[in-house]
Amino acid sequence: VFQLGKRSMHDGFEKGLLGMCVGEKRKLVVPSGMAYGEVGGFGSEGAAKIKPNATLVYGVELLEILSEEAAAPDMVWGL
């Protein structure tokens, strides 16, 4: 769960989700300049390093759109 527009994900991932409908599936191909660029990063699967200048590929499906309260009732958005 994350909130679009709060930069909790890299730009390419967020832009790839814009306009999605519930139930829709997409393949996102994110060039390095819209992801981790020359620095690289750490993946969410263990501590796998994302290499510098890597193009990232994601398969995503939008299951549900939640209100802020339903998504994380104990979380303070906007920090």
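Just above sits the structure.
Residues numbered from 1 in each chain as written. Predicted model: local features only at pLDDT ≥ 70, side-chain atom pairs only at ≥ 80, totals over all residues. Heavy atoms only, no water.

1. A word on the overall build of the protein chain
- What the protein chain contains, in helices and strands, is 2 helices and 4 strands.
- Taken from the N to the C terminus, the helices and strands of the protein chain come in the order α-β-β-β-β-α.
- For the protein chain, the proportion of contacts with a sequence separation of at least 24, taken over those separated by at least 6, is 45%.
- Per element, the accessible surface of the protein chain, about 5900 Å² overall, is 56% carbon and sulfur. (Helix = DSSP H or I, 4+ residues; strand = E, 2+ residues; numbered from the N terminus. Contact = heavy atoms within 4.5 Å. Areas by Shrake-Rupley, 256 points an atom, 1.4 Å probe, with all protein chains shown as cover.)

2. Here we look at the side chain of H10
- Of note, H10 is situated in the segment before α1 (11-17).
- A relative accessible area of 9% means that H10 is categorised as buried.
- Within the local environment of H10, its side chain forms a polar contact with the backbone oxygen of M34, the two atoms lying 3.3 Å apart. (Buried < 20%, exposed > 50% of the residue type's maximum accessible area, 1.4 Å probe, protein only. Polar contact = N/O pair within 3.5 Å; in protein donor to acceptor, adjacent residues only side chain to side chain.)

3. Details of a nonpolar patch on the surface
- On the surface, a nonpolar cluster with roughly 260 Å² of combined accessible area is contributed by F2, L4 and L18.
- Relative to the helices and strands, L18 is located in the loop between α1 and β1 (25-30).
- Owing to a relative accessible area of 52%, L18 belongs among the exposed residues under this scheme. (Patch = residues over 30% accessible without salt bridge, like charges linked within 9 Å, V, L, I, M, F, W, Y side chains within 5 Å. Salt bridge = Lys/Arg side-chain N within 4 Å of Asp/Glu carboxyl O.)

4. Overview of the pattern of salt bridges
- Tallied over the full model, the rule gives 1 salt bridge.
- For the salt bridge of E24 with R26, the shortest nitrogen-to-oxygen distance reads 2.8 Å.
- In this structure E24 comes out as partly exposed when scored by relative accessible area, which is 25%.

5. Overview of unusual backbone geometry
- For N53, which is not glycine, the phi dihedral falls at a positive 60 degrees.
- Relative accessible area serves as the criterion here: at 49%, N53 is assigned to the partly exposed category.

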